[in-house]
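A structural walkthrough
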Amino acid sequence: MAASVKDVARHAGVSVSTVSYVLSGNRPISEGTKQRVLASIEALGFQPHAGARSIRAGATDIFALVMPIDRDVRADVQMRFVLGVLRAARAKGKNLLLLPAEDGVDELTRLTAGSAVDGVLAMEVQVHDPRVPTLANLSKPVVLIGTPEDPQHLAHVDFDFTAAGALCARYLADLGHQSIAYLGQPAETFDREAGYAVRARNGALQTLHERGIHGVVDLPVELGRDGASEAIERMFRIQSETTGLIIYNEQALTHLLLRLEELGIRVPADMSIVAICPEAQALDAHPPVSNVSLPAAELGTVAVDHLLQLIDGRSPEPVVLPPTLVARGTASRRSVPRQW
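Source: prediction; values computed, not measured. (Residues numbered from 1 in each chain as written. Predicted model: local features only at pLDDT ≥ 70, side-chain atom pairs only at ≥ 80, totals over all residues. Heavy atoms only, no water.)

Our focus in this paragraph is the overall build of the protein. Helices and strands together make up the secondary structure of the protein, namely 14 helices and 12 strands. In the protein, buried positions account for 49% of the 340 residues. Sequence separation of 24 or more characterises 71% of the internal contacts of the protein that already satisfy a separation of 6 or more. About 15,800 Å² of surface is accessible on the protein, with carbon and sulfur atoms providing 51% of the total. (Helix = DSSP H or I, 4+ residues; strand = E, 2+ residues; numbered from the N terminus. Buried < 20%, exposed > 50% of the residue type's maximum accessible area, 1.4 Å probe, protein only. Contact = heavy atoms within 4.5 Å. Areas by Shrake-Rupley, 256 points an atom, 1.4 Å probe, with all protein chains shown as cover.)

This part takes up the sheet that holds strand S3 (residues 119–122). Spatial strand order, S2-S1-S3-S4-S5-S11: 6 strands in an open sheet with parallel pairing. Of all strands in the sheet, those bounded by a partner on one side alone are strand S2 (95–99) and strand S11 (319–321). Each adjacent strand pair in this sheet contributes to an overall mean axis angle of 20°, direction not counted. Bridge count for S3 against strand S4 (residues 142–145) is 3 bridges, and the pairing is parallel. Pairing of Ala122 across the sheet is with Leu144, part of S4. Contacting strand S1 (62–66), S3, S4, strand S5 (155–159) and S11, helix H14 (residues 296–311) runs over the sheet at an angle of about 160° to S4. (Pairing = 2+ DSSP bridges. Axes fitted to C-alpha atoms, helices over the stretch in contact; angles between N-to-C directions.)

Okay, the pairing of strand S9 (residues 272–276) next. Taken across its 5 residues, S9 has 5 buried, putting it largely inside the fold. Bridge count for strand S8 (residues 244–247) against S9 is 4 bridges, and the pairing is parallel. Counterpart to Gly244 in the pairing with S9 is Ser272. The parallel pair S8 and S9, bridged by helix H12 (residues 253–262), forms a crossover whose chirality is right-handed. Across 3 bridges, the pairing between S9 and strand S10 (residues 290–292) is parallel. For Ala275, the partnering residue across the bridge sits in S10 and is Asn291. The β-α-β motif built from S9, the intervening helix H13 (residues 279–284) and the parallel element S10 has right-handed crossover chirality. (Right-handed = clockwise from strand over helix to strand, strands pointing away.)

Another point: the side chain of Arg259. Position of Arg259 among the secondary structure elements: in helix H12. Taking the relative accessible area as the measure of exposure, Arg259 reaches 19% and is therefore buried. Excluding its chain neighbours within four sequence positions, the residues that come into contact with Arg259 are Ser229, Ile232 and Glu233.

Moving on: a negative patch on the surface. Taken together, the side chains of Asp191, Glu222, Asp226 and Glu230 present a region of like negative charge at the surface. Relative to the helices and strands, Glu230 resides in helix H11 (residues 224–238). Residue class for Glu230 comes out exposed when judged on its relative accessible area of 53%. (Patch = residues over 30% accessible without salt bridge, like charges linked within 9 Å, V, L, I, M, F, W, Y side chains within 5 Å. Salt bridge = Lys/Arg side-chain N within 4 Å of Asp/Glu carboxyl O. Lys, Arg positive; Asp, Glu negative; His and termini not counted. Charge placed at Lys NZ, Arg CZ, Asp CG, Glu CD.)

Tracing the backbone through its elements, the reader meets Asn249 in the loop between S8 and H12. At 3.0 Å, the side chain of Asn249 and the backbone oxygen of Gly184 are in polar contact. Here Ala252 takes part through its backbone nitrogen, which lies 3.0 Å from a polar atom of the side chain of Asn249. Apart from residues lying up to four places away in sequence, Asn249 is in contact with Leu183, Gly184, Gln185, Pro186 and Val221. (Polar contact = N/O pair within 3.5 Å; in protein donor to acceptor, adjacent residues only side chain to side chain.)

On to a nonpolar patch on the surface, then. On the surface, Met79, Leu83 and Leu86 cluster together into a nonpolar patch covering about 200 Å² of accessible area. Considering the arrangement of structural elements, one finds Met79 in helix H5 (residues 75–91). Since its relative accessible area comes to 34%, Met79 is described here as partly exposed.

Here you go:
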């Protein structure tokens, strides 16, 4: 007959409640008593239920994912990264606890102090991220999905947004365009120094400067159709001879294309376009847009792998995934610009 909790308690010379506390971790138990109970469990071949087994082993098989929900972030794009992490975690037999609070710091401190999770993944990393000092002092391993200026020795994985912006700029420059506009995320995104927005823009503008292209307009695009229309009209007021667009604003991409069509501007005959966006969005656009894709699934896999390495006591090196540009016919060699 299988051993019971009472058998373990009798063998170890403790109460049934003490055995339960050792298994659950809900109350502090002296190390000597704990080891005596664990030895009795081993000697009797006692099999606790799955939840108690994981706690006894010091593991919950749960990862916390900190994902602030900001109004300037397109939810379906953000969820691609969440699903990438979720699928990678489930492939390793782990569950995911989503913390969508503004910064998630209070919840994290409580959860990690109580051993409710085995590790932490943090998204929406800012260049100067105020969460980093707290994350660096947590009692559990942490992986940042993004790169702050000072990661304080935290493990981090990222997509090379600087290289993505540079790749788009080189693409249009190689086609001979001399008047190019960068239409980026909303001003709010830059104000909070979202790493992806800042680095993609910097990569594009720096590359255009290095290529000697002086006809450059840099504009944020605000939310909604009106925000996209205003950005296009302002761009032409500043630089009427613009022939190339780099767009990194997933929420605005469709609106921007529609406004160009309304103005009678043909893509790519009058305007060449390359975007940084998910592949599915690029394919669904009208017309399908040449783009640099965001590798959500791959980034999720790398992040979970890093966290597992940390839990195993290893120290993984930072990983930055390189960009790839797929041409879909929305950019062509520069023709004589029209005045708009």
